[in-house]
Amino acid sequence: MQGKFDHLAIDLAGQRLFIAATGNHSVEVIDLKTDKILQSITGLGKPHGLAWVADTGSLYVADGSLAELLVYKGSPFALAGTIKLSDDADDMVYDQAHHLIFVGHGGSDAANPAKIAVVDTGHFALVGNLVVATHPEALDIDRGGQRVFANIADSNEVAVIETATRSIASHWKLTRAADNVPLAFDSEHQLLYVACRTPGMLIAIDAATGKEIANQTAAGKADDLFYDAALRRVYVISGAGEVDIFQVDAARRLSPFQVLNTVTGAKTALFVPEQSLLFVGVPGSGERSAEVRAYSTGRTGSN
C-alpha cells in the first residue's frame with residue numbers, strides 16, 4: 001500500500017484498529033491479534049476522521065472529497081447510511097452521554113462555509129450545523145464539563161461547544177502562535193493542549209478561562225496530539241518525523257521530556273491509554289510500503 005494515512009480509531013473489545021488510508025481511498029481494518037488486514041473498506045474519496053461507537057457496532061467515516069459522513073455496520077462492514085456535508089469533512093469526536101457526533105467540514109469558499117455538524121447517532125440524523133469562522137481542524141471532548149473543543153486554525157482560535165445545548169459558548173483567541181491544528185483535553189489539570197505550526201509550539205490553555213498559561217517549542221507540521229493521564233505526558237505528532245513528548249507537573253508547567261524519531265510524513269497517530277500504545281501511521285513512499293507502527297509509551301522513559 002502506498003500514500004498517506006489520516007486519522008485512526010480502535011475497537012478495544014474486538015481488537016481491531018481502523019485507519020483512514022487517504023492515499024488508497026479506503027479505510028483499513030486491522031486485526032491487532034495477527035497484525036493483518038481484515039478488510040479494506042473501498043469506494044471512498046478522501047477519508048479523514050473516524051469514530052468507533054461500540055454500543056451500536058458502528059464505524060463512522062468523514063470523507064473530505066465525497067463531502068459525506070458515512071456509517072458502516074456488520075461483519076464484514078457494509079455501508080448503512082450517509083449524511084451529506086460540505087467539502088473537506090474532517091475530524092470528529094463522539095459524545096457518548098448525548099449520543100452525538102461532532103464533525104468539522106467546509107470552509108473552502110463562500111459556497112461551502114465552515115461548520116461543525118452535529119449528528120444524532122441513534123437516528124443517524126443531522127440535528128445541528130454550527131457556523132465557525134474557518135475550516136475546523138481537530139476536536140476533543142471534556143466529558144465532565146460537557147464541552148467539545150474545536151481548533152479553528154486559520155482564525156487562530158478555539159471554539160468551545162456546549163454539548164447539552166449543541167451551541168458554541170465561546171471563542172478563545174490564541175496570541176502566542178498560529179495555525180493551531182491538533183489539540184487534546186486534560187481533565188486532571190483542566191488544561192487544553194494546542195499544538196501550533198507557526199511557529200512550532202505547544203500551548204497549554206486554562207480550560208476555565210481560555211487563557212494561555214504555558215508553552216514550549218515543538219516541531220512544526222504537528223497534526224495529532226494526545227494526553228497520557230497515567231504518565232502526565234503530552235505527545236505531539238509531527239509530519240517532520242518525530243513525536244515530541246512533554247511532562248506536565250502539578251503546577252501545570254510543561255517541560256520537554258523526550259523526542260521520539262519516526263519517519264518524515266508520519267503525521268497522524270492514535271494513543272490508546274488502555275494498552276499504553278501509540279499507533280503511528282507511516283506513509284508509503286517509493287519502495288517503502290505504508291505501515292502502522294506501535295510504540296509502547298511505557299518505554300519512552302520513567303515518570
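Residues numbered from 1 in each chain as written. Predicted model: local features only at pLDDT ≥ 70, side-chain atom pairs only at ≥ 80, totals over all residues. Heavy atoms only, no water.

Would you take a moment to explain the nonpolar core for this structure?
It is characteristic of soluble globular proteins that their nonpolar side chains tend to be buried jointly. Grouped together as the largest cluster of nonpolar side chains are 27 residues, with contacts concentrated most on Leu17, Phe226, Tyr235 and Leu278. If you list the elements that add at least two residues to this core, you get β1 (8–11), β2 (16–21), β22 (233–238), β23 (242–248), β25 (268–272) and β26 (277–282). Excluding residues that lie within four positions of it along the chain, leucine 17 makes contacts with Leu8, Ala9, Ile10, Glu28, Val29, Ile30, Leu32, Leu270, Phe279 and Val292. (Core = buried A, V, L, I, M, F, W, Y, C linked by side-chain atoms within 4.5 Å. Buried < 20%, exposed > 50% of the residue type's maximum accessible area, 1.4 Å probe, protein only. Helix = DSSP H or I, 4+ residues; strand = E, 2+ residues; numbered from the N terminus. Contact = heavy atoms within 4.5 Å.)

Got a minute to help me understand the pattern of salt bridges in this structure?
Close approach of charged atoms allows side chains with opposite charge to pair. Inspection of the entire model under this criterion finds 10 salt bridges. When the shortest N-O distance is used, the salt bridge between arginine 16 and aspartate 11 registers 3.0 Å. Residue class for arginine 16 comes out buried when judged on its relative accessible area of 18%. Assessed through its relative accessible area of 7%, aspartate 11 is described here as buried. Aspartate 249 serves as the salt-bridge partner of arginine 253, at 2.8 Å between the closest nitrogen and oxygen. Judged by relative accessible area, which is 26%, aspartate 249 ranks as partly exposed. (Salt bridge = Lys/Arg side-chain N within 4 Å of Asp/Glu carboxyl O.)

Quick question: what am I supposed to make of the packing of aromatic side chains here?
Two aromatic rings, taken as a pair, are described by how far apart their centres are and by the angle between their planes. All chains considered together, the criterion is met by eight aromatic pairs. Both rings, one in tyrosine 60 and one in phenylalanine 124, keep their centres 6.1 Å apart while their planes meet at 40°; by these two values the pair is tilted. Note that tyrosine 60 is positioned in strand β6 (residues 58–63) and phenylalanine 124 in the loop between β11 (115–120) and β12 (125–131), a separation of 64 residues in sequence. Judged by relative accessible area, which is 1%, tyrosine 60 ranks as buried. Residue classification places phenylalanine 124 among the buried residues on the basis of a relative accessible area of 18%. Centre to centre, the rings of tyrosine 235 and phenylalanine 271 are 5.4 Å apart; their planes meet at 65°, and the pair counts as edge-to-face. Residue tyrosine 235 is found in strand β22, and its partner phenylalanine 271 is found in strand β25; the two are separated by 36 residues along the sequence. (Phe/Tyr/Trp six-rings, centres within 6.5 Å; stacked < 30°, edge-to-face > 60°.)

Even after reading the chapter, I still don't get the sheet that holds strand β19 (residues 200–206), so can you show me in this structure?
Two modes of strand pairing occur in sheets, parallel and antiparallel, and in both the strands are linked by backbone hydrogen bonds. On the basis of which strands lie adjacent, the open sheet formed by four strands has the order β17-β18-β19-β20 and antiparallel pairing. The strands lining the two open edges of the sheet, one partner per strand, are β17 (178–186) and β20 (212–217). Going across the sheet, the axis of each strand differs from the next one's by a mean of 25°, ignoring polarity. Of the pairings in the sheet, the one linking β19 to β20 comprises five bridges and is antiparallel in character. Opposite isoleucine 203, over in β20, you have asparagine 215 as the bridge partner. (Pairing = 2+ DSSP bridges. Axes fitted to C-alpha atoms, helices over the stretch in contact; angles between N-to-C directions.)

In this structure, what is going on with the pairing of β2? I would like to understand it.
Side-chain positions along a regular strand alternate between the two faces of the sheet. With six of its six residues buried, β2 lies for the most part within the structure. Of the two faces of β2, the one lined by Arg16, Phe18 and Ala20 and the one lined by Leu17, Ile19 and Ala21 are each fully buried. The pairing of β1 with β2 spans four bridges and is antiparallel. What sits directly across from leucine 8, in β2, is isoleucine 19. Taking the residues between adjacent antiparallel strands as the criterion, β1 and β2 are bridged by four residues, where glutamine 15 takes a positive phi near 55°. Pairing of β2 with strand β3 (residues 26–31) involves six bridges; the strand directions are antiparallel. Across the sheet, leucine 17 pairs through a bridge with isoleucine 30, a residue of β3. Taken together, β2 and the strand that follows it, β3, pair antiparallel across an intervening segment of four residues, in which histidine 25 is found at a positive phi of about 55°.

The values reported here are purely geometric and, on their own, carry no functional implication.
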